[in-house]
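Analysis of the macromolecular model
The residues making up each chain are set out below.
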Amino acid sequence: MDEKEKIGRFHRQQEVPSAEEKSKSGTVYDDVFRTMIDKMPHLVIPLINEVFGKQYPDSEPVTALQNEHLEIMEDKVITDSYLKIADKYYHVECQSSPDGTMAIRMIEYDFLIALKHAEKSGYEYTIDYPHSCVLYLRYTDRTPDFLVVHMKFPDGTVVDYRTPIVKVNRYDFEDIFRKKLLFFLPYYIMRYEAVLKEIEEDEEKLRDFLEEYQCIYQKLNALRDCHRLSDYDFTELKRLIETIVNHLAYGKERIQKGVCDMGGKVLEFEHDILMRESEARGVRKGERIGILKGESRGVKIGEARRLVKNVESVMRTLGLSLEKACEAMETTVGEYTNAKRLVMNKESM
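Here we summarise the structure given alongside this text. The model shown is predicted, which means the values in this text are computed figures rather than measured ones. (Residues numbered from 1 in each chain as written. Predicted model: local features only at pLDDT ≥ 70, side-chain atom pairs only at ≥ 80, totals over all residues. Heavy atoms only, no water.)

The backbone of alanine 86 shows a phi angle near 55°, a positive value even though the residue is not glycine. Here alanine 86 lies in the loop between strand S4 (81–85) and strand S5 (88–95). The phi angle at lysine 180 is positive, at roughly 60°, despite the residue not being glycine. When you line up the elements, lysine 180 lands in the loop between helix H5 (173–178) and helix H6 (196–201). (Helix = DSSP H or I, 4+ residues; strand = E, 2+ residues; numbered from the N terminus.)

And the structure:
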């Protein structure tokens, strides 16, 4: 049995985590997923190409719409990621473990997204469902390749609504870099979840494990050196890799230290520092909105100046567009424009 087969066997035999473990760890995996969507949405392009057979270039703009609430009665539903690429909508969910309800949840979310963009012509409507898929971080031999809902209509028509399941750890080291699926790298350690204790206690297994992570960092460094990966993306990916390694290998100091040390010191970029300082001063998004609507005129001019300064600093430092800089600072172009107008009016007085 070769190494790839061993890894697959260990992965398939792992137990489904308890409800307590899922409640503790689900947030970690979800947070890493959302961080990549929010801060590095371009990394989802190769994933979309892989799952749906598209050929979007790496530079194709991605608009993250996941913060737009989809309403059901009085409840609000927020998807893991709701994206627009070119003229198409995409919906991607991330599951650390199957929960038995995902098929229904996917068709529910997709229907809401389709309704949101319904087109009317006379007395008729057309709703266009988004392309959707679910990333499964864990799976067993019984995990299907699609979630299926059989929809039976009153006229007897039956339509199967199929949502692809992406089994993340079926993609090995070579697959990830050949297909540019860097989005999967933070979750790479999960393929070893069932054998981490053995790796921690066995010198040879630990050496092989760390050599694999060394290869990952060498590949990332090579992409950075040829300008196919920015310093910012490299640093964020390293941070997220370490986040899940430290969570999943908690208490296994040799694994944690080995992975964290080999990637070098994590850099902190100016916009991260500015955001932290702004939050320390109480300049949070909700307060900014209130400020710029004029709820505290005269008192909040300082916060408006800081918002303008922070956004423009991110634009200069990272060479980002206004839209991307505002996104990095968790604000909107409208808020920035209002703040800029407020500052200019104040200075002209």
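Right, picking up where we left off after that structure.
Right, let's talk about the packing of helix H7 (residues 203–225) against helix H9 (residues 253–262) for a bit. Two numbers describe how H7 lies on H9: the axes approach to 10 Å, and their chain directions differ by 25°. Regarding the angle of H7 to H9, the classification is roughly parallel. Judged by the twist between their axes, the crossing of H7 over H9 is right-handed. Of the residues in H9, those in contact with Glu203, Leu206, Phe209, Leu210, Tyr213, Gln214 and Tyr217 of H7 are Arg254, Ile255, Gly258, Val259 and Met262. Residue composition of the contact of H7 with H9, by class: eight nonpolar, two polar and two charged. (Axes fitted to C-alpha atoms, helices over the stretch in contact; angles between N-to-C directions. Parallel < 35°, antiparallel > 145°, perpendicular 65-115°, else oblique. Left-handed = near helix turned anticlockwise from the far one by under 90°. Contact = heavy atoms within 4.5 Å. Nonpolar A, V, L, I, M, F, W, Y, C, P; charged D, E, K, R; others polar.)

In this section: the nonpolar core. If you look at the biggest cluster of nonpolar residues, it comprises 62 residues, and the most contacted ones within it are Phe184, Tyr187, Ile189 and Leu220. Contacts of isoleucine 189, omitting those with residues within four sequence positions, involve Leu196, Phe209, Tyr213, Ile244, Val245, Leu248 and Ala249. In this structure, Val311, Val314, Ala325 and Met329 belong to the second largest nonpolar core, which totals twelve residues. (Core = buried A, V, L, I, M, F, W, Y, C linked by side-chain atoms within 4.5 Å. Buried < 20%, exposed > 50% of the residue type's maximum accessible area, 1.4 Å probe, protein only.)

With that out of the way, let us pick up the sheet that holds strand S8 (residues 131–136). As a general point, the strands of a sheet are linked pairwise by backbone hydrogen bonds and lie either parallel or antiparallel. If you trace the six strands from one edge of the open sheet to the other, you get S1-S4-S5-S8-S10-S9, paired in mixed fashion. Among the strands making up the open sheet, the edge pair consists of strand S1 (62–64) and strand S9 (146–152). For this sheet, the mean angle separating the axes of adjacent strands, direction not counted, is 25°. Running at roughly 105° to S8, helix H3 (residues 44–52) makes contact with S1, S4, S5, S8 and strand S10 (158–167) of the sheet. Of the strands in this sheet, S4, S5, S8, S9 and S10 are in contact with helix H4 (residues 102–116), which crosses S5 at around 155°. (Pairing = 2+ DSSP bridges.)

Moving on, we come to the packing of helix H8 (residues 231–248) against H9. One can describe the packing of H8 onto H9 by two numbers: an axis separation of 10 Å at closest approach and a directional angle of 175°. Regarding the angle of H8 to H9, the classification is roughly antiparallel. Mapping the contact onto sequence places Lys238, Ile241, Glu242, Val245 and Asn246 in H8 and Ile255, Gln256, Val259 and Cys260 in H9. Broken down by class, the residue content of the contact of H8 with H9 amounts to five nonpolar, two polar and two charged.

Turning our eyes to something else, we now look at the environment of tyrosine 217. Inspection of the secondary structure assignment puts tyrosine 217 in helix H7. Judged by its relative accessible area of 1%, tyrosine 217 falls in the buried class. A C-alpha to C-alpha distance of 10.0 Å links tyrosine 217 and leucine 237, two positions 20 residues apart in sequence.

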